[in-house]
Amino acid sequence: MSHPTEQIPHFPVPMTLALRVLPLAPLSFSLTAVSRRIARQHPGLFRRLGEYSHTRFVLDPTDLPFVIHLDPNGGVPQVTLTRGRGNGAARIAGPLAALLGLVHGAYDGDALFFSRDLVIEGDTSAALALRNAIDDAELDLSEEISGYCGPMKEPLKRFIALIEKQSGVSLTRAGEGATW
């Protein structure tokens, strides 16, 4: 895991500007499909949320021009992207690279929180339940997404690895003992 003093990469400004005009509905639809695939592949992820399995979470990548609403819906998740601050029981905010690094085990959530690279607002016990559920699932989002690609799976994985190397953003699950 990384040390909190390391610089967390930020999404490139020119790409952020381009995302300001992106219609959010198609991306919301795609992310919902991916999240439902994750729910099928890792059913314990949403069961682990317990009493928070119907709690709306706002994931706020602070270097992007939208927020992500995650509604677990008891294991049939819905993801909606909106402009603005968003509304939910718990809000987790930080650079996209930090949020992805948490999912992939590349960053320590406590270190990010205490270094103020990650901000948690609202129901902190709900946010902690989400963090614990994601940690236990040991997700690799690149594996989940490439699973849709059939014969293009391996070329996509190589492309993702190249982007990860060039950007410094954790796009795959960190290996045991890996550090950033």
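Analysis parameters
- Residues numbered from 1 in each chain as written.
- Predicted model: local features only at pLDDT ≥ 70, side-chain atom pairs only at ≥ 80, totals over all residues.
- Heavy atoms only, no water.
- Helix = DSSP H or I, 4+ residues; strand = E, 2+ residues; numbered from the N terminus.
- Rg over C-alpha atoms; globule rule 2.2 N^0.38 Å.
- Salt bridge = Lys/Arg side-chain N within 4 Å of Asp/Glu carboxyl O.
- Buried < 20%, exposed > 50% of the residue type's maximum accessible area, 1.4 Å probe, protein only.
- Expected span 1.5 Å × (residues − 1).
- Contact = heavy atoms within 4.5 Å.
- Pairing = 2+ DSSP bridges.
- Axes fitted to C-alpha atoms, helices over the stretch in contact; angles between N-to-C directions.
- Core = buried A, V, L, I, M, F, W, Y, C linked by side-chain atoms within 4.5 Å.

Participant: I'd like to hear about the overall build of the protein, residue by residue, with values.
Facilitator: Helix and strand counts for the protein stand at 8 helices and 5 strands. The order of α-helices and β-strands along the protein, N terminus first, is α-α-α-β-β-β-β-α-α-β-α-α-α. A globule of 180 residues ought to have a C-alpha radius of gyration of about 16 Å, and the protein, at 16 Å, matches this closely. Dimensions of the protein, computed from the C-alpha atoms along their principal axes, are close to 40 × 40 × 40 Å.

Participant: Summarise the pattern of salt bridges; cite the residues concerned and give the values.
Facilitator: In this structure the tally under the stated criterion is 10 salt bridges. Note that R91 is salt-bridged to E121, the shortest N-O span being 3.0 Å. Taken together, the residues span a long stretch of sequence, with R91 in strand β4 (residues 90–94) and E121 in strand β5 (residues 119–122) at a distance of 30 residues. The exposure class of R91 is buried, given its relative accessible area of 13%. Given a relative accessible area of 30%, E121 falls into the partly exposed group.

Participant: I'd love a proper account of helix α6 (residues 124–137), names of residues and values included.
Facilitator: Structural remark: α-helix, 3.6 residues per turn; residues separated by three or four positions point the same way. The end-to-end C-alpha separation of α6 is 20 Å, in line with the 20 Å expected for 14 residues at 1.5 Å each. At its buried positions, α6 is contacted by α3 (43–47), β1 (57–61), β2 (67–71), β4, α4 (96–103) and β5. Count one or two residues on from α6 and you reach E138, which has phi positive near 50°.

Participant: Outline the pairing of β4, listing residues and values.
Facilitator: Walk down a regular strand and you will see the side chains alternate between the two sheet faces. With 5 of 5 residues buried, β4 is to be regarded as a mostly interior element. On β4, burial covers both faces: A90, I92 and G94 on one face and R91 and A93 on the other are all buried. Across 5 bridges, the pairing between β1 and β4 is parallel. When the sheet's bridge partners are listed, F57 is paired in β4 with A90.

Participant: Explain the environment of D136 to me, using residue names and the numbers behind them.
Facilitator: Inspection of the secondary structure assignment puts D136 in helix α6. Taking the C-alpha atoms as reference, D136 lies 9.9 Å from H42; in sequence the two are 94 residues apart.

Participant: Describe the sheet that holds β1, with residues and values.
Facilitator: Strand order in the open sheet formed by 5 strands is β3-β2-β1-β4-β5, with mixed pairing between adjacent strands. Looking at the sheet topology across the chains shown, the edges are occupied by β3 (78–82) and β5. On average, adjacent strands in this sheet sit at an angle of 20° to one another, irrespective of strand direction.

Participant: Give a description of the nonpolar core that names residues and reports values.
Facilitator: Soluble globular proteins: nonpolar side chains tend toward being buried together. By size, the foremost hydrophobic cluster in this structure holds 39 residues, and its most contacted members are L45, L49, F57, F66, L112, L130 and L139. The set of elements that each furnish at least two residues to this core consists of α2 (24–41), α3, β2, β3, β4, α4 and α6. Among the elements that take part in this core, α6 stands out by supplying 7 residues, more than any other. Non-local contacts of F57, meaning those with residues more than four positions away in its chain, are made with L49, Y52, I68, H69, L70, P72, A90, A126, A127 and L130.

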